[in-house]
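# A structural walkthrough
Below are the chains, spelled out letter by letter.
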Protein chains: 2
Amino acid sequence: MNTNKPDRRRFLKNGVALAGLAVGGMRSGVAQTLGSEAVERHAKVAESYGERTRFETVARLPQAPTPQYQRAGIMLTPLQDSVGIITPSSLHYIATHNHAVPEIDPRQHRVLIHGLVDRSLVFTMEELRCLPSVSRVHFLECANNSTQLLAGDGRKAETVQDTHGKTSCSEWSGVPLSVLLKEAGVQKGAAWVIAEGLDLVKHAQSIPLEKAMDDIIVAYGQNGEALRPEQGYPLRLVTPGFEGLYQVKWLRRIKVVDQPYMNLLETTTYIRPMPDGKAHWFDFELPPKSVITRPSGGQRVPGRGFYEITGLAWSGGGAIQRVEVSTDGGRTWKDARIQEPLHRFAHTRFYFPWTWDGEETVVQSRCTDERGQVQPTLTEFLKTRGVDLNYWKTTKARVGFFNGIQPWKVTREGSVQNALL
Amino acid sequence: MNTNKPDRRRFLKNGVALAGLAVGGMRSGVAQTLGSEAVERHAKVAESYGERTRFETVARLPQAPTPQYQRAGIMLTPLQDSVGIITPSSLHYIATHNHAVPEIDPRQHRVLIHGLVDRSLVFTMEELRCLPSVSRVHFLECANNSTQLLAGDGRKAETVQDTHGKTSCSEWSGVPLSVLLKEAGVQKGAAWVIAEGLDLVKHAQSIPLEKAMDDIIVAYGQNGEALRPEQGYPLRLVTPGFEGLYQVKWLRRIKVVDQPYMNLLETTTYIRPMPDGKAHWFDFELPPKSVITRPSGGQRVPGRGFYEITGLAWSGGGAIQRVEVSTDGGRTWKDARIQEPLHRFAHTRFYFPWTWDGEETVVQSRCTDERGQVQPTLTEFLKTRGVDLNYWKTTKARVGFFNGIQPWKVTREGSVQNALL
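What counts, and where the lines are drawn
- Residues numbered from 1 in each chain as written.
- Chains lettered and ligands numbered in written order.
- Predicted model: local features only at pLDDT ≥ 70, side-chain atom pairs only at ≥ 80, totals over all residues.
- Heavy atoms only, no water.
- Helix = DSSP H or I, 4+ residues; strand = E, 2+ residues; numbered from the N terminus.
- Contact = heavy atoms within 4.5 Å.
- Areas by Shrake-Rupley, 256 points an atom, 1.4 Å probe, with all protein chains shown as cover.
- Buried < 20%, exposed > 50% of the residue type's maximum accessible area, 1.4 Å probe, protein only.
- Domains from an automatic or database assignment.
- Buried area = accessible area lost by both parts, 1.4 Å probe.
- Salt bridge = Lys/Arg side-chain N within 4 Å of Asp/Glu carboxyl O.
- Polar contact = N/O pair within 3.5 Å; in protein donor to acceptor, adjacent residues only side chain to side chain.
- Phe/Tyr/Trp six-rings, centres within 6.5 Å; stacked < 30°, edge-to-face > 60°.
- Lys NZ or Arg CZ within 6 Å of the ring centre and 35° of its normal.
- Pairing = 2+ DSSP bridges.
- Axes fitted to C-alpha atoms, helices over the stretch in contact; angles between N-to-C directions.
- pLDDT = per-residue confidence, 0-100.

## Notes on the overall build of chain A
Tallying secondary structure elements over chain A gives nine helices and 25 strands in all. Considering only contacts in chain A between residues 6 or more positions apart, those separated by 24 or more positions represent 70%. Accessible surface, chain A: about 16000 Å² in total, of which carbon and sulfur atoms supply 50%.

Structure, rendered in structure tokens:
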């Protein structure tokens, strides 16, 4: 390969990984045939609602098939194949209760605003569409994302889909909940709202009124079209930065009340037992979190040379301010490039240039949000929670939201492995 | 309806349009059943790659079935149903040549960089994925969008899908073309690049080198996953702000050259005959344009009362700086609210509050981009092009890109009609 231009930035000069890339001197006759053999046939344009090509098979996978997770019907987003910050709606993670998705006729659907209001209101979907609206890019994340020890087939959680697949990011469109509440007239003494869905368990969630009046969206749109069925069609709450259980799907009513209710799931499934025997109620905001999606567990780095490391960062604290990457097992950290424009409470794509020397190493990322909150290591996380590693490993899901740094080991053979445990 | 709180903003106080909305005094027993009858059944979570609900039937439609358009295989985006700024990939407009979409095996696909470079380079898809990348939200628009006089079924273009459906907006991901060109080493004397696709006509397009080194993306990702087949799978150019023909799909090679080539389509289909008998070659940037998508042609405003008017604005000149809306036939204009954050060369969603008094009127929008370019009226447009209305109506498509203001007439019955012609 011609390397007589040392002044030019050359990603490919350590060319092992990209062997056979240079074709200096190729005659244009050869060039003319390039790629032609890749065309299998020419199809006619026809589709009114298009599909992806049969060559693409990226897929959601089920959570570990334990009885608990099977009941929850959890499907994980394939983050290892993600690009940009939008998750395709077809690949958005799913977490339901009782594994059931209601099929709702939007012409029949109504949402009720009642409780401590001057006037109860009922809205049809068409009426909601006439009201002031917003569209914003927000991530959602299940409260127990990254606490799973096993992958869907029973092996150790190995890929980033296994470890982080319960978060996705969409452009959500709908009416600010504050518009509906102001229209109904919130009365003195009101302090919380109860949002209830139409799923089989009638999931109801207590949410502070302050958040309801701030930035919650009563959303009918996801990535430019109607919500997908598993995402609450035709109507859901999007509660920016809060845990997944506040993102009430198949929304049927909002009741304005004076205190939180003891709703079924929030007092059983979603309390958090503490080591001292007490239980913690209501975690709202998700803490800052990031993960390298490429290269990540289960992928292969084909050889020495240049690679762009990329991943996602997000926080319930607002916008991501900084992402740092280490490619030497945590000894040194350097700033990653962040995709702009920044969105608050959204996945944020980061990029980091890396030239691999072929030796075993560990790559990992850590982020800082607009409040200055920094993503912790596992050790730091355990310390703040007041538990030891053994306790956490055996009761992991119940220690609550885990936002620790995710290290990926790259072996000399180029395989990438989960190095957290 | 209780209106004893005049200090509170009440969208619904002119309640005819939203009749039956208030249910003051509804007992909670009634409330409990709300929406339940809308549930048809509960389905199991299963899909590894999800689909939309059967209740949603929003669809692309074919362009008018004239021989010219049929050959082009054009499918129009249903902008009247759009929310936010992302167009679902399944609804992205399609404009192909010869109505044919190549099916390309990505494992076999290669792209060649050659011509006036120090070293020719060939990249596989996997090799491109290792290089520095970007993700940006950009609109695409066909050069002859809004010049069609007829809708798909032969009637006058009536809906915003008919009139403006050849523009869509996605988050595109890929490698900056400048990265590949720097890697190959651009030689002295180079001034243009020729980008060629693998479609049947081997569409090749001359593009100034300056643009190629600036912001063109060699894109493999669209809205978080691989490109759709009709959008150039597995690889296309995204040339921000330039006309559709510069967005070369099924990209197979980039040749660096010293001057534009006389490629087939750019010297036949895409020249623009002028009234003086000469032909205009190369329009690059699209001018500022906006349109109200709701309410728009073919929709119905159900009655007097509050509605949020919403629409999209975009420009090849960069970011949208301002959108104004008139609801009185153009006599007065007021600033619309613009969805943030702003993206350059992207659809920009705007919102405008409107209380309809039930009288016939015309609603329309106009935008201004970051350079201060203002969207013209039809009359202003014709003046700058030096043609009269009759000439334009009969040879509309050939006068070139039309970015005039789109007026929608709202009749006393609430029907919305194309008021441009």
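Additional details are given in the paragraphs that follow.
## Regarding unusual backbone geometry
Residue and element names in this part refer to chain A. Residues Arg294 and Pro295 are joined by a peptide bond in cis, for which omega reads 0°. Unlike most non-glycine residues, Asn223 shows phi in positive territory, near 50°. Take Asn223: it is sitting in the loop between β11 (217–222) and β12 (225–226). Positive phi values are uncommon outside glycine, yet Trp250 reaches one of about 50°. Looking at the secondary structure, you find Trp250 in the loop between β13 (236–238) and β14 (251–257). Take Trp250: its relative accessible area is 1%, and that puts it in the buried class.

## Quick word on the domain arrangement of chain A
Residues and elements named next belong to chain A. Here chain A is partitioned into domain 1 (61–280) and domain 2 (289–418). Residue-level contacts link 36 residues of domain 1 with 37 residues of domain 2. Buried surface at the junction of domain 1 and domain 2, summed over both partners, amounts to about 2900 Å²; 57% is from carbon and sulfur atoms. Taken together, the connections running from domain 1 to domain 2 amount to one salt bridge. At the junction of domain 1 and domain 2, the tally comes to twelve residue pairs in polar contact (both at pLDDT 80 or more). Broken down by secondary-structure element, the contributors of at least two residues to the side of domain 1 that touches domain 2 are β7 (134–141), α4 (160–164), β8 (167–176) and β15 (272–273).

## Side note on the packing of aromatic side chains
When we look at a pair of aromatic rings, we describe it by the centre distance and by the angle of the planes. Under the defined criterion, the tally for this structure stands at 18 aromatic pairs over all chains. Between Tyr246(A) and Phe284(A), the ring centres sit 5.6 Å apart and the planes meet at 50°, which makes this aromatic pair tilted. In this pair, Tyr246(A) is assigned in the loop between β13 and β14 and Phe284(A) in the loop between β16 (279–280) and β17 (289–294), connecting sequence segments 38 residues apart. With centroids separated by 6.2 Å and ring planes inclined at 40°, the aromatic side chains of Trp354(A) and Trp356(A) adopt a geometry described as tilted. Here Trp354(A) falls in the buried class, since its relative accessible area comes to 5%. Through a chain of ring-to-ring contacts, the aromatic side chains of Trp192(A), Phe242(A), Tyr246(A) and Phe284(A) assemble into a single cluster. The cationic tip of Arg54(B) hangs over the ring face of Phe55(B); the distance from NZ or CZ to the ring centre is 4.6 Å.

## Concerning the side chain of Gln231(B)
Residue and element names in this part refer to chain B. Mapped onto the secondary structure, Gln231 falls in the loop between β12 (225–226) and β13 (236–238). Reaching out from Gln231, the side chain makes a polar contact with the side chain of Arg236 at a distance of 2.8 Å. Apart from the residues lying within four places of it in its own chain, the contact partners of Gln231 are His92, Tyr93, Ile94, Leu140, Trp172, Gln222, Arg236 and Lys249.

## What to know about the pairing of strand β7 (residues 134–141) of chain B
It is a general feature of regular strands that their side chains alternate between the two faces of the sheet. Residues and elements named next belong to chain B. Extensive coverage of β7 is indicated by the burial of seven of its eight residues. Pairing analysis gives eight bridges linking β7 to strand β8 (residues 167–176), with the strands arranged antiparallel. Bridged to Leu140 within β8 is Ser168.

## A short note on the environment of Trp333(A)
All names here are of chain A. Examined against the element boundaries, Trp333 turns out to sit in the loop between β19 (320–326) and β20 (334–335). Along the primary structure Trp333 and Val323 are separated by ten residues, whereas in three dimensions their C-alpha atoms are 9.6 Å apart. A polar side-chain atom of Trp333 sits 3.2 Å from the main-chain carbonyl oxygen of Gly330.

## Looking at the environment of Glu126(A)
Of note, Glu126(A) is situated in helix α3 (residues 125–129). Spatially, the C-alpha atom of Glu126(A) lies 9.0 Å from that of Pro106(A), the residues being 20 residues apart in sequence. A polar atom in the side chain of Glu126(A) sits 3.0 Å from the side chain of Arg294(B).

## Observations regarding the environment of Glu360(A)
Residue and element names in this part refer to chain A. Assignment of secondary structure puts Glu360 in the loop between β22 (348–356) and β23 (361–369). Sequence separation between Glu360 and Asp388 is 28 residues; the distance between their C-alpha atoms is 28 Å. Excluding its chain neighbours within four sequence positions, the residues that come into contact with Glu360 are Lys409, Val410, Thr411 and Arg412.

## Topic: the sheet that holds strand β10 (residues 204–208) of chain A
Within a sheet, neighbouring strands are paired by backbone hydrogen bonds and run either parallel or antiparallel to one another. Residues and elements named next belong to chain A. Strand order in the open sheet formed by five strands is β6-β5-β14-β9-β10, with mixed pairing between adjacent strands. Edge positions in the sheet fall to β6 (121–124) and β10, since each of these pairs with one other strand and no more. Within this sheet the neighbouring strands show an average axis-to-axis angle of 15°, counted without direction. Strands in contact with helix α5 (residues 177–184) are β5 (110–115), β6, β9 (192–197) and β14; relative to β6, the strand with the most contacts, it is inclined by about 140°.

## Thoughts on the pattern of salt bridges
Residue and element names in this part refer to chain A. As enumerated under the stated definition, the model contains 33 salt bridges over all chains in all. One salt bridge connects Asp105 with Arg107, and the closest N-O pair in it is separated by 3.0 Å. Look at Asp105 and you get buried, because its relative accessible area is 6%. Judged by relative accessible area, which is 61%, Arg107 ranks as exposed. We note a salt bridge from Arg322 to Glu324, for which the minimum N-O separation is 3.5 Å. Because the salt bridges share partners, they merge into one network encompassing Arg322, Glu324, Asp335 and Arg366.

## Some words on the pairing of β9(A)
Residue and element names in this part refer to chain A. Burial within β9 is extensive, with six of its six residues counted as buried. The side-chain alternation of β9 yields two buried faces, one formed by Trp192, Ile194 and Glu196 and the other by Val193, Ala195 and Gly197. Of the pairings in the sheet, the one linking β9 to β14 comprises six bridges and is antiparallel in character. Considered in β14, the bridge of Gly197 is made with Leu251. Here five bridges tie β9 to β10, and the two strands are oriented antiparallel to one another. Residue pairing in the sheet places Val193 in a bridge with Ile207 of β10. In this structure, the hairpin formed by β9 and β10 is closed by a connection of six residues, where Lys202 is found at a positive phi of approximately 50°.

## Some points on the confidence of the model for chain A
Residues and elements named next belong to chain A. Mean pLDDT over chain A stands at 87; residues scoring 70 or higher make up 84%. Residue range residues 14–33 is modelled with pLDDT below 50. Its contacts to residues more than four positions away, or to other chains, number 35 contacts. Across the predicted assembly, pTM comes out at 0.92 and ipTM at 0.91.

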